[in-house]
Amino acid sequence: MASQTIETDVVIVGAGPCGLFAVFELGLLDIKCHVVDILDKPGGQCAELYPEKPIYDIPGLPIVTGQELTDRLMEQAAPFGPQYHYNQMVTSLRKLNDGTFELETDDDIQFKCKVVVVAAGGGSFQPKKPPMPSIDEYEGTSVFYSVKRMEDFRDKDILIVGGGDSALDWVNNLQPIAKSMTLLHRRDDFRAAPDSVNKMRELVAAGKMNLHIGQVTNLHGSDGVLSGASVKGKEGEFEIACNTMLPFFGLTMKLGPVAEWGLNLEENLIPVDTEKFATSERGIFAIGDINTYPGKLKLILSGFHEAALMSQEAFRIINPGERLLFQYTTSSSNLQKKLGVA
Amino acid sequence: MAKITFIEHNGKEHIVDGENGMSVMETAIKNMVPGIDADCGGACACATCHVYLQGDWADKLGERSEMEEDMLDFAFEVQDSSRLSCQIRVSDDIDGLVLKVPEKQF
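None of the values given here were measured: they were computed from a predicted structure.

1. Notes on the sheet that holds strand β11 (residues 180–185) of chain A
Residue and element names in this part refer to chain A.
Link 1 in the chain: In spatial order, the strands read β12-β11-β10-β16; together these four strands make up an open sheet with parallel pairing. The strands lining the two open edges of the sheet, one partner per strand, are β12 (210–213) and β16 (244–247). Taking each pair of neighbouring strands and ignoring which way they run, the sheet shows an average axis angle of 20°.
Link 2 in the chain: Pairing of strand β10 (residues 157–161) with β11, which is carried by five bridges, proceeds in the parallel orientation. Bridge pairing in β11 places isoleucine 158 opposite methionine 181.

2. Examining helix α5 (residues 194–205) of chain A
All names here are of chain A.
Link 1 in the chain: Here α5 contains twelve residues, and its C-alpha end-to-end distance of 16 Å stays within 8% of the 16 Å for a straight helix at 1.5 Å per residue.
Link 2 in the chain: Little of α5 sits out of view: just one of its twelve residues are buried.
Link 3 in the chain: Two residues or fewer after α5 comes glycine 207, characterised by a positive phi angle close to 75°.

3. Examining the pairing of β11(A)
Along any regular strand the residues' side chains alternate between the sheet's two faces.
All names here are of chain A.
Link 1 in the chain: Taken across its six residues, β11 has five buried, putting it largely inside the fold.
Link 2 in the chain: The parallel pair β10 and β11 is bridged by helix α4 (residues 165–174), and the resulting crossover is right-handed.
Link 3 in the chain: Taken together, β11, α5 and β12 form a β-α-β motif whose crossover is right-handed.

4. Quick word on the packing of α4(A) against α5(A)
All names here are of chain A.
Link 1 in the chain: For the pair α4 and α5, the least separation of the axes is 9 Å and the interaxial angle reads 45°. Put simply, α4 runs oblique to α5. The chirality of how α4 crosses α5 is left-handed. Facing α4, whose interface residues are Asp165, Leu168, Asp169, Val171 and Asn172, α5 presents Ser196, Val197, Lys199 and Met200.
Link 2 in the chain: When its residues are assigned to classes, the contact of α4 with α5 shows four nonpolar, two polar and three charged.

5. Here we look at the sheet that holds strand β4 (residues 82–84) of chain B
Residues and elements named next belong to chain B.
Link 1 in the chain: Taken together, five strands build an open sheet; the order of strands is β2-β1-β5-β3-β4 and the sheet is mixed. Lying at the two open borders of the sheet, with one neighbouring strand each, are β2 (13–18) and β4. The mean inter-strand angle of the sheet, taken between neighbouring strand axes irrespective of direction, is 35°.
Link 2 in the chain: Both strand β1 (residues 2–7) and strand β5 (residues 97–100) contribute to a ladder of four bridges, which runs parallel. When the sheet's bridge partners are listed, isoleucine 7 is paired in β5 with lysine 100.

6. Regarding the domain arrangement of chain A
Bring the parts together and some accessible area is lost; that lost area is often taken as the interface size.
Link 1 in the chain: As assigned here, chain A comprises domain 1 (4–125 + 252–338) and domain 2 (129–249).
Link 2 in the chain: Domain 1 of chain A and domain 2 of chain A are separated by 38 Å when their C-alpha centres are compared.

7. A few points about the interface of chain B and chain A
Link 1 in the chain: Contact with chain B, which involves 13 residues of that partner, is made by 15 residues of chain A.
Link 2 in the chain: Residues belonging to the side of chain B that touches chain A are distributed by class as follows: eight nonpolar, no polar and five charged.

Cut-offs used in this document
- Residues numbered from 1 in each chain as written.
- Chains lettered and ligands numbered in written order.
- Predicted model: local features only at pLDDT ≥ 70, side-chain atom pairs only at ≥ 80, totals over all residues.
- Pairing = 2+ DSSP bridges.
- Helix = DSSP H or I, 4+ residues; strand = E, 2+ residues; numbered from the N terminus.
- Axes fitted to C-alpha atoms, helices over the stretch in contact; angles between N-to-C directions.
- Expected span 1.5 Å × (residues − 1).
- Buried ≥ 20, exposed ≤ 12 C-beta atoms within 10 Å, placed from the backbone.
- Right-handed = clockwise from strand over helix to strand, strands pointing away.
- Parallel < 35°, antiparallel > 145°, perpendicular 65-115°, else oblique.
- Left-handed = near helix turned anticlockwise from the far one by under 90°.
- Contact = placed C-beta atoms within 7 Å.
- Nonpolar A, V, L, I, M, F, W, Y, C, P; charged D, E, K, R; others polar.
- Domains from an automatic or database assignment.

Below, the structure written as structure tokens:
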């Protein structure tokens, strides 16, 4: 049962550049949006994969980083008062008899809306699952990719694998309540913040935890309960005893629940028409990297164009029978008022 | 120009021509070599173009950059011969390069 129900015009799935620009284009037509994203921040791939890397093919911006572009799109969308719901994934989408939609997230929010815009890029960012033999058998019982409740890890023999901030943060946070703590990384160099690395090294020096250099080759245990991991290091193979393992190998994109929403799919992409960017289901649109059509280019600028055309049709669905007047932001006092510049 | 040999996990060889200035990853994608995913498109941000250099190529190509080293933390079964193919530039110097593609980019 959802803990909160929100009624709105449009739910946008994905807060990447296309989702953010859709807020703007829909906003010009007085359409209110809620945006859901699995990451803890806006920007999608721009913010997660390459915040510092320059993009050279945004019209009018000869050079802009992923983070700058995200910041500017957020600023551009702000006058329309969108509401963002981060750290959650839309898990289900249902069409009701009256043609409206009901969506639920894995953080117990329920949305009721008239239009859904899938701007989910390459899918949702999910933790990478290391391809260790038999890891599936232990997932959810002994192997975890995130920490939801710290208490669940009390008095466990924990093995954390990785060298970034997630790995080091959880080493330092869980060490005090764990029965034993071991960190395993492939090299004795860590990407994580120097503070966390120093803290970990102090714990090691004080004999409160173990640090090993190597890579897991195999897992041991029975009935879903882990008893240890075989590790290959520079000096050969050895075993680490543990009943809980937390691998932190970064994020990867998986199509995720979008595949279960009853939409037609072609090789994990959603086919749309190029007039309205509508999917096989009336009221559901797909824009950006997640859609496909003849001639599709996976460029941010294509997604912007798609957002603009999609918005026209979304208006007609939300306001049946109403005439849509095409206006320019340069000359329309009505649009300028909405943007807060008139 | 450089002849580059990609060896798939199952042993199948793909011998392709690399154009100077392109990356080895781009050369693989252009020639549809299976097993190089390159999710991020060459930004050294995903570690899904992981390859193993064969023979003495690891010595010839020199050290990995710090960024590449960091990103390899996200790859699986990293070895001394591991590189991210988006970070290797094609030039006449790498003519004859041989590399293995891992079983899975994950």
